[in-house]
2 protein chains.
Amino acid sequence: MGYVRYDLKGIKCLPETLKKLDFSSLFTREKMPFIGAFSVHIKEIKETLRRFKEIYDNMFVIGIGGSSLGIQSIYEGIYGKHKITGRKLYFLENVDPFNIHQIFQSAPWDRTVYCVISKSGSTLETVSIFNLVLYEMKRRGFTDLYKRFIFISGKNTPFYSIAKELGAPFFEIPEEIGGRFSVLTPVGLIPADFVDIDPYALVGGGMEILEEISQNKEHEAIILTCAEYESYINGRNINVMMPYSDSLRKFSEWWVQLWAESLGKDGKGQTPLPAVGTVDQHSLLQLFMDGPDDKFYQFIKVENFGSDFILPKKTQVLDFIAGKRISDIIHAEFEGTVEALRQGGRPVAVLEVSRMTPEVMGALFTLYMVKTVVMAELMGVNPYGQPGVEIGKKIAKRKLGGV
Amino acid sequence: MGYVRYDLKGIKCLPETLKKLDFSSLFTREKMPFIGAFSVHIKEIKETLRRFKEIYDNMFVIGIGGSSLGIQSIYEGIYGKHKITGRKLYFLENVDPFNIHQIFQSAPWDRTVYCVISKSGSTLETVSIFNLVLYEMKRRGFTDLYKRFIFISGKNTPFYSIAKELGAPFFEIPEEIGGRFSVLTPVGLIPADFVDIDPYALVGGGMEILEEISQNKEHEAIILTCAEYESYINGRNINVMMPYSDSLRKFSEWWVQLWAESLGKDGKGQTPLPAVGTVDQHSLLQLFMDGPDDKFYQFIKVENFGSDFILPKKTQVLDFIAGKRISDIIHAEFEGTVEALRQGGRPVAVLEVSRMTPEVMGALFTLYMVKTVVMAELMGVNPYGQPGVEIGKKIAKRKLGGV
């Protein structure tokens, strides 16, 4: 895939690690059920969204964790941190009353469509916020609720019944696809289509890289994951992802969930650490360079930012930047960090992407979902499910009087 | 200090660790030069800002790392993620061309004041963005540049000369106060005052907690830091800060820089991991509960969010939340997580704050700056300076043709 490629200078893996992988059984629906996402009925999504896009300017995405991080990554990946024109997404994720208050206060309620996402249909935060939104809409006199909601949930969940009751569109998250692997299902594709990010392009990018990796046992993504596994076995219990781009901050948070929840089991697990260049050169780089050798590093370089600026021919302070482009500055700082870490003997992999497009986003998601399943296979853990969080949920429920 | 207190259930430290600390020499200008920040001339700040506040609605804060994270923490801590009314701050931090483009496009240039912050006066990102902003202002025909700039930098730096040349206000960052310890100097106080967050309250909160800790060798903050040191020695190389509040996300990023850059030296260092509840229950909690026991945990509970909502008496789905407040939900989830981790034998400290006020923010900053110096003392590293990042900077400069 031309526009997403690895530079693995100095990163190798042992032949015996590679041999541990039964490659032929990996790319199956059983091991990688998210592959099924690539056959969803995008046509139906696009038809449903066309109606909503004619009427509404904003979408509230009501969901948390795997139901929200993927679409947040797409949205920021394509439109950056401050989308200027056109339809917008708002994310109602946390049950922080102050944050909810601010979004409710600034929301244009009458030009908004509400997309509720929860696989179980009973996620505490999502159900709470859904109830509040419903209450607020009724209080404001809305009677056409069925026109303003889209539900995305598992079949036969409470949200399925509510969607039927309201007569609102319902899209199913198949049983076997966990939240953190769901970004290329309706969970990510519906809000994406609302803001004109083409679902076909997202899924197409994913399919292309899947094809590429599945046909090459020594694909760089596989070698890299084997090397990460070896570093983990050798005591590097932290894995850093540091894109040099503000637009990829959310993507690294999406990856944090994927890596942490899928692998953190049975006393095993590698802690993912998100960082953003150049900002975190002023924050974490000292620790990376001069602290303990307990980390694996993945950098992401974006070649073309879509926008650029040329610095004036005569600058105030720092003559050597005169006439340079801003992208020259961020690239030079990126290279400085990578080279310095490599010189210091730290394991550094670089992912280079040509430009943030829907195809590239789809490829990035798929690449990292595949890597996660490969890592789980090597570590001997089941990447699906999250049994460890059940105790806390029970305690919370009891505190709320829910027995 | 009534409104900021620790719950250290189960967290103890060994008497010999406590004995390692020469408490009498700790709270001196030499060990904690940021104490000097508490005597800055706030009156001068307030007078300067009064003029700007009469004319301008927005401030661009141009700075990176220690010159930006502190004020970002204050701004989000007090006003949340979406300040609705009144004067606003915009942060120009990274040299990401797309992000700069978006801020430039949406900025109301004629109603904006520009606050440029760099201790060295030669920070690559800040100088680049400053040059761009200056170019853009001239291009737009602004002739009253001296009325629109405030400079905060070290004495005798390039920005000092530029400020004199433009006739713009200049505030000094004293030589001995590093960026990550500078939030209660003009660096944080000037932008704070612009958005009506009282510098006296910020500094007052800091002074109060400083007084409290310095007079009690067995203050909970000291015991906690000793316990963190012991956990570090015993192989817990990761330290998690997880506030249950969207408004404290930036504060935990500020702490990440403080902890990482101050302690990550000479092969030593503990990696700080930021998280936000309840969001990261759906992201990191599985790893925390069921992964390796390689972490120390600090949770922050905010008792009063300032806003709240009551759920309807009859809810759709989850009967047990009917009639509950949203703050009940977030508190129950917080307690569920803390109890589950404690039951699992993980080291968990809880910081409880009454409500996010300027006094509380000032106390939080000071508390964590003191803890960092104490940790550095125990680990035997110098908390100031960041020698490890020099190589990368040199490589970047060379790539830009700056020899």
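Residues numbered from 1 in each chain as written. Chains lettered and ligands numbered in written order. Predicted model: local features only at pLDDT ≥ 70, side-chain atom pairs only at ≥ 80, totals over all residues. Heavy atoms only, no water.

## Digging into the overall build of chain A
And step 1. Along the backbone of chain A there are 15 helices and 10 strands.
And step 2. The C-alpha extent of chain A, read off along each of the three principal axes, is 65 × 60 × 45 Å.
And step 3. Across the 403 residues that make up chain A, the buried fraction comes to 67%.
And step 4. Taking all contacts inside chain A whose residues are at least 6 apart in sequence as the whole, residues at least 24 apart take part in 78%.
And step 5. With the model as given, the accessible surface of chain A reaches about 14000 Å², and the carbon-plus-sulfur share is 48%. (Helix = DSSP H or I, 4+ residues; strand = E, 2+ residues; numbered from the N terminus. Buried < 20%, exposed > 50% of the residue type's maximum accessible area, 1.4 Å probe, protein only. Contact = heavy atoms within 4.5 Å. Areas by Shrake-Rupley, 256 points an atom, 1.4 Å probe, with all protein chains shown as cover.)

## Examining the interface of chain A and chain B
And step 1. At the junction of the two partners, chain A supplies 115 residues and chain B supplies 116 residues.
And step 2. Here chain A packs against chain B, burying approximately 9700 Å² in sum over the two surfaces, 65% of which is carbon and sulfur.
And step 3. Between the two partners, chain A and chain B, sit five salt bridges.
And step 4. Among the ionic pairs, K399 of chain B bridges to E335 of chain A, the shortest N-O distance being 3.6 Å.
And step 5. In terms of residues, the side of chain A that touches chain B owes the most to one element, helix α13 (residues 326-343) of chain A, which gives 12 residues.
And step 6. Of the residues in the side of chain A that touches chain B, the class split is 50 nonpolar, 40 polar and 25 charged. (Buried area = accessible area lost by both parts, 1.4 Å probe. Salt bridge = Lys/Arg side-chain N within 4 Å of Asp/Glu carboxyl O. Nonpolar A, V, L, I, M, F, W, Y, C, P; charged D, E, K, R; others polar.)

## Quick word on the UniProt feature "active site" (unreviewed entry) in chain A
And step 1. Those places that UniProt annotates as "active site" (unreviewed entry) correspond, in this numbering, to E261, H282 and K393 of chain A. On the basis of their most widely separated C-alpha atoms, the annotated residues across 133 residues do not gather in one place, lying as much as 37.2 Å apart.
And step 2. Ignoring sequence-local partners within four residues, the contact set of H282 of chain A consists of I64, G65, T123, E125, Q257 and E261 of chain B.
And step 3. Relative to the helices and strands, K393 of chain A resides in helix α15 (residues 390-399). (UniProt positions renumbered as here; feature names shortened; annotations may be inferred.)

## Overview of the packing of aromatic side chains
And step 1. Summed over all chains, the structure comprises 58 aromatic pairs over all chains.
And step 2. Ring centres 5.4 Å apart and planes at 65° place the aromatic pair F309 of chain A and F104 of chain B in the edge-to-face group. You can see F309 of chain A sitting in the loop between β9 (295-304) and α13 and its partner F104 of chain B sitting in helix α5 (residues 97-106), one on each of two chains. You'll find F309 of chain A and F104 of chain B in the same group, each marked buried.
And step 3. Residues F130 of chain B and F159 of chain B carry aromatic rings whose centres are separated by 5.3 Å and whose planes lie at 85° to one another, so their mutual orientation is edge-to-face. (Phe/Tyr/Trp six-rings, centres within 6.5 Å; stacked < 30°, edge-to-face > 60°.)

## Thoughts on unusual backbone geometry
Residues and elements named next belong to chain A.
And step 1. The omega angle of the peptide bond from G277 to T278 is 0°, so this bond is cis rather than trans.
And step 2. Secondary-structure assignment places T278 in the loop between β8 (271-274) and α12 (285-290).
And step 3. Positioned with a positive phi, N156 is a non-glycine residue whose angle comes to about 65°.
And step 4. Take N156: it is sitting in the loop between β5 (149-153) and α7 (158-166).
And step 5. The phi dihedral of D266 is positive, around 55°, even though this residue is not glycine.

## Thoughts on the sheet that holds strand β9 (residues 295-304) of chain B
All names here are of chain B.
And step 1. Taken in spatial order, the five strands of this open sheet run β1-β10-β9-β7-β8, and their pairing is mixed. Whereas interior strands pair on both sides, the edge strands pair on one side only; in this sheet they are β1 (4-7) and β8 (271-274). Averaged over all pairs of adjacent strands, the angle between strand axes in this sheet comes to 20°, irrespective of strand direction.
And step 2. Across six bridges, strand β7 (residues 238-243) lies against β9 in parallel orientation. Residue pairing for β9: M242 is matched across the bridge by F299.
And step 3. In this fold helix α10 (residues 220-233) packs onto β1, β7, β9 and β10 (348-355), with an angle of close to 150° to the strand it touches most, β9.
And step 4. Packing against the sheet, helix α13 (residues 326-343) makes contact with β1, β9 and β10, and its axis sits at approximately 155° to β9. (Pairing = 2+ DSSP bridges. Axes fitted to C-alpha atoms, helices over the stretch in contact; angles between N-to-C directions.)

## A look at the relation of the copies chain A and chain B
And step 1. Each copy of the sequence occupies a distinct position, and chain A is placed on chain B by a rotation of 180° and an axial shift of 0.0 Å, giving an RMSD of 0.0 Å. Look at the turn and shift together and you get a two-fold axis relating the two. Taking the C-alpha atom as reference, chain A places L273 of chain A closest to the rotation axis, 3.4 Å from it. (Least-squares fit on C-alpha atoms with pLDDT ≥ 70 in both.)

## Structural notes on the pattern of salt bridges
All names here are of chain A.
And step 1. Enumeration according to the criterion identifies 45 salt bridges over all chains in this entry.
And step 2. Here R111 makes a salt bridge to D57, at a shortest N to O gap of 2.8 Å. Here R111 is found in the loop between α5 (97-106) and β4 (112-118), whereas its partner D57 is found in the loop between α3 (42-55) and β2 (58-62), with 54 residues between them in sequence.
And step 3. Residue E261 pairs with R180 through a salt bridge whose shortest N-O separation is 2.9 Å. Placement of E261 in helix α11 (residues 249-263) and of R180 in the loop between β6 (170-172) and α8 (186-194) is noted, with a sequence separation of 81 residues between them. In this structure, E261 and R180 share a single accessibility class: buried.
And step 4. The network of salt bridges with shared partners includes K46, K53, R87, D193, D196 and D198.

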